[in-house]
Amino acid sequence: MSLQRQLLFWALALAILVLALMLFRDVLLPFIAALALAYLLDPLADRLERWGLSRLTATIAILCLFLLVFVVGLVLLAPLLSQQLAGLVARLPADAAKLQALIMERGAPLIERFGGAKLAQDAQSSLGNLVGEATNWVGKLLGSLWSGGTAIIGVFSLLVLTPVIAFYLLADWDRMVATVDSWLPLDHRDTIRGLLHEMDTAIAGFLRGQALVCLLLGTFYAIGLSLVGVNFGALIGIISGFLSFIPYVGSLTGLVLSVGVATVQFWPDWTMPLLTLAVFALGQFIEGNILQPKLVGDSIGVHPVWLMFALLAFGSLFGFVGLLLAVPLAAIIGVLARFVLRQYLASPYYRGYAGRPPEPHVES
């Protein structure tokens, strides 16, 4: 097969994959969660097989243990989180209005002094519109999480379908991998296997490490904010920890939400908002200097700027599913980009005449 036909084949396969993701993005979440769960648990299943268990027995044991831990955690946390979520939804409009009033109370005189009364009025109007739109959006989002039928169906499918799909994937994982491996083009099998090994190393290191980072960060933020006395501290902390799987999003969301709640709750005392800020500063220090280097490291091999671009691009294309897929897809694209760059640097297109052996001189 010529190079042009190969490129056309892979470009067509990529286009079909992207089109499928865009068409089915609303129903992909339980399947992606199950795939990630099976991928993470496959090494444990392999180890149990080496200890003498069959693949089916190992799969049943692993998923039963996972479900037991998950259900116990859910039973312990669900009443607290549901109560705090209901309270946050109910108080959000009033707290947002109070926060807007506090900002304008302190900021309007300064704006009026340097920009005039009209600028201060425009700023107040713009801030009011911004806060109103943000409050409505967040309120609708939280309200849908609390009582929306679609959200309930989504959560139900995530909690019920994900373990079932993960069971089948984990039980057949080795057979599926062997089947896909048998489909690889024979002429390029070793090259593709090398690329897949690089992708596996990057993604596996990130997923396993980042999952533990999210768990530890969520626990730290929930305990820290609760000790400070911030309203809905446990809920905000757990949300921040969960969203930390998406780089930069979790810490920023938790910081803005917790400081805003603390400011409204404790005003005019600045001690508690500053303590809230200190909790997140300490959390970021621990994450950046201890958790990330020890648990994740540089396994993903992607520059932060490219990572932020991937988050925005995949989030815009595929919504929340795109945000979850952004980091693994960025790692895959990074591996492919480095491979293409190596091929280019070794090719005559880059080396030119300097990279070719000199042509023999023929005397006339």
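Everything below is about the structure shown above.
Residues numbered from 1 in each chain as written. Predicted model: local features only at pLDDT ≥ 70, side-chain atom pairs only at ≥ 80, totals over all residues. Heavy atoms only, no water.

Asks: What is the right way to read the overall build of the protein from this model?
Replies: Counting its regular elements, the protein contains 12 helices and 0 strands. In sequence order, the protein lays out its α and β elements as α-α-α-α-α-α-α-α-α-α-α-α. (Helix = DSSP H or I, 4+ residues; strand = E, 2+ residues; numbered from the N terminus.)

Asks: Could you clarify how one ought to interpret the packing of aromatic side chains in this entry?
Replies: Two numbers describe a pair of aromatic rings. These are the distance of the centres and the angle of the planes. Per the counting criterion, the structure on display carries 6 aromatic pairs. With a centroid separation of 5.5 Å and an interplanar angle of 75°, the aromatic rings of F167 and Y168 are classed as edge-to-face. Considering the side-chain rings of Y221 and F280, the 4.4 Å spacing of their centres and the 20° angle between planes classify their relative orientation as stacked. Taken as a pair, Y221 in helix α7 (residues 189-228) and F280 in helix α10 (residues 271-296) lie far apart in primary sequence, 59 residues in all. The burial state of Y221 is the same as that of F280; both residues are buried. (Phe/Tyr/Trp six-rings, centres within 6.5 Å; stacked < 30°, edge-to-face > 60°. Buried < 20%, exposed > 50% of the residue type's maximum accessible area, 1.4 Å probe, protein only.)

Asks: Please clarify how the pattern of salt bridges should be interpreted in this entry.
Replies: Close approach of charged atoms allows side chains of opposite charge to pair. As enumerated under the stated definition, the model contains 7 salt bridges in all. A salt bridge links R55 to D42; its shortest N-O distance comes to 2.7 Å. Of this pair, R55 sits in helix α3 (residues 55-115) while D42 is found in helix α2 (residues 29-50), placing the two residues 13 residues apart along the sequence. Exposure remark for D42: the relative accessible area of 10% places this residue in the buried category. Here D46 makes a salt bridge to R55, at a shortest N to O gap of 2.7 Å. Judged by its relative accessible area of 11%, R55 is buried. (Salt bridge = Lys/Arg side-chain N within 4 Å of Asp/Glu carboxyl O.)

Asks: Help me understand helix α8 (residues 233-243), please; the structure alone is not making it clear to me.
Replies: The α-helix winds at 3.6 residues per turn, so residues separated by three or four positions along the chain end up facing the same way. Counting buried positions along α8 yields 8 of 11 residues, so the element is predominantly enclosed. The set of residues buried in α8 consists of G233, A234, L235, I236, G237, S240, G241 and L243.

Asks: Would you mind showing me how to read α2 here?
Replies: Spanning 22 residues, α2 covers 32 Å between terminal C-alpha atoms, matching the ideal 32 Å at 1.5 Å per step. Along α2, the helix axis deviates most sharply at D42, where the bend reaches about 40°; the proline P43 sits within four residues downstream. Taken residue by residue, α2 has P30, I32, A34, L37, A38, Y39, L41, D42, A45 and L48 as its buried positions. In the segment just after α2, G52 is the residue with positive phi, at about 115°. (Expected span 1.5 Å × (residues − 1). Bend = angle between axes of the 7 residues up to and from the residue.)

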